[in-house]
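Okay, here's what each chain looks like letter by letter:
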Amino acid sequence: QVQLVESGGGLVQAGGSLRLSCAASGRAFSSYALGWFRQAPGKEREFVAAIDWSGRNTYYADSVKGRFTISRDNAKNTVYLQMNSLKPEDAAVYYCAAGRGVASGTVSNEYNYWGQGTQVTVSS
């Protein structure tokens, strides 16, 4: 069992930065792939970024590539999402997720555990 709690969301101006954190509890954290997804009102939940169990392989949605960076610290049982050059279209509730047996890492159905979400608001 893995429990995930996101933090770090808030209100920023366009062009600003935020770093989201997701703290995990439970054993075998290092065995899980981790992902970030987001959902804006009226839109489907979409993939943002993922990182495999080793931390050596990362994946990004085209919309955030070059601006966002996912990382993990297994010693701290934490995954991060550094968001730079934020745009109004980045505004959403951001969720972290964990799963084993993840293939692409980009599909929400691949993940077994989800956090409660943290709100990111970007003003123009």
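The rules behind each value
- Residues numbered from 1 in each chain as written.
- Predicted model: local features only at pLDDT ≥ 70, side-chain atom pairs only at ≥ 80, totals over all residues.
- Heavy atoms only, no water.
- Disulfide = S-S within 2.5 Å.
- Helix = DSSP H or I, 4+ residues; strand = E, 2+ residues; numbered from the N terminus.
- Buried < 20%, exposed > 50% of the residue type's maximum accessible area, 1.4 Å probe, protein only.
- Core = buried A, V, L, I, M, F, W, Y, C linked by side-chain atoms within 4.5 Å.
- Contact = heavy atoms within 4.5 Å.
- Polar contact = N/O pair within 3.5 Å; in protein donor to acceptor, adjacent residues only side chain to side chain.

*Asks:* Help me understand the state of the cysteines, please; the structure alone is not making it clear to me.
*Replies:* Put plainly, a disulfide is one covalent bond tying together the sulfur atoms of two cysteines. Counting across every chain of the model gives 1 disulfide. Bridging Cys22 to Cys96, the disulfide has an S-S length of 1.9 Å. Since a negative S-S torsion denotes a left-handed disulfide, the Cys22-Cys96 link at about 50° is right-handed. You can see Cys22 sitting in strand S3 (residues 18-25) and its partner Cys96 sitting in strand S9 (residues 92-99), a full 74 residues away along the chain. Like Cys96, Cys22 is buried.

*Asks:* Sorry if this is basic, but what is going on with the nonpolar core here?
*Replies:* Nonpolar side chains in soluble globular proteins tend to be buried together. Counting residues in each nonpolar core, the largest one holds 34 residues, and the members touching the most others are Trp36, Val48, Phe68, Val79, Leu81, Met83 and Tyr94. Looking at this core, the elements with two or more residues in it are S3, strand S4 (33-39), strand S5 (46-51), strand S7 (68-73), strand S8 (78-83), S9 and strand S11 (118-123). Once residues within four sequence positions are removed from consideration, Val79 is found in contact with Leu20, Ser21, Cys22, Phe29, Leu34, Trp36, Ile51, Ile70, Ser71, Arg72 and Cys96.

*Asks:* Just checking my understanding: could you explain the environment of Arg100 for this structure?
*Replies:* Following the sequence through the fold, Arg100 ends up in the loop between S9 and strand S10 (113-114). Given the relative accessible area of 49%, Arg100 is considered partly exposed. Residues Arg100 and Val64, spaced 36 residues apart in sequence, show a C-alpha to C-alpha distance of 24 Å. Excluding residues within four positions of it along the chain, Arg100 makes contact with Ala28, Ser31, Tyr32, Glu110 and Asn112. Within the local environment of Arg100, its side chain forms a polar contact with the side chain of Tyr32, the two groups lying 3.4 Å apart.

*Asks:* Even after reading the chapter, I still don't get the environment of Gly10, so can you show me in this structure?
*Replies:* Mapped onto the secondary structure, Gly10 falls in strand S2 (residues 10-13). Assessed through its relative accessible area of 24%, Gly10 is described here as partly exposed.

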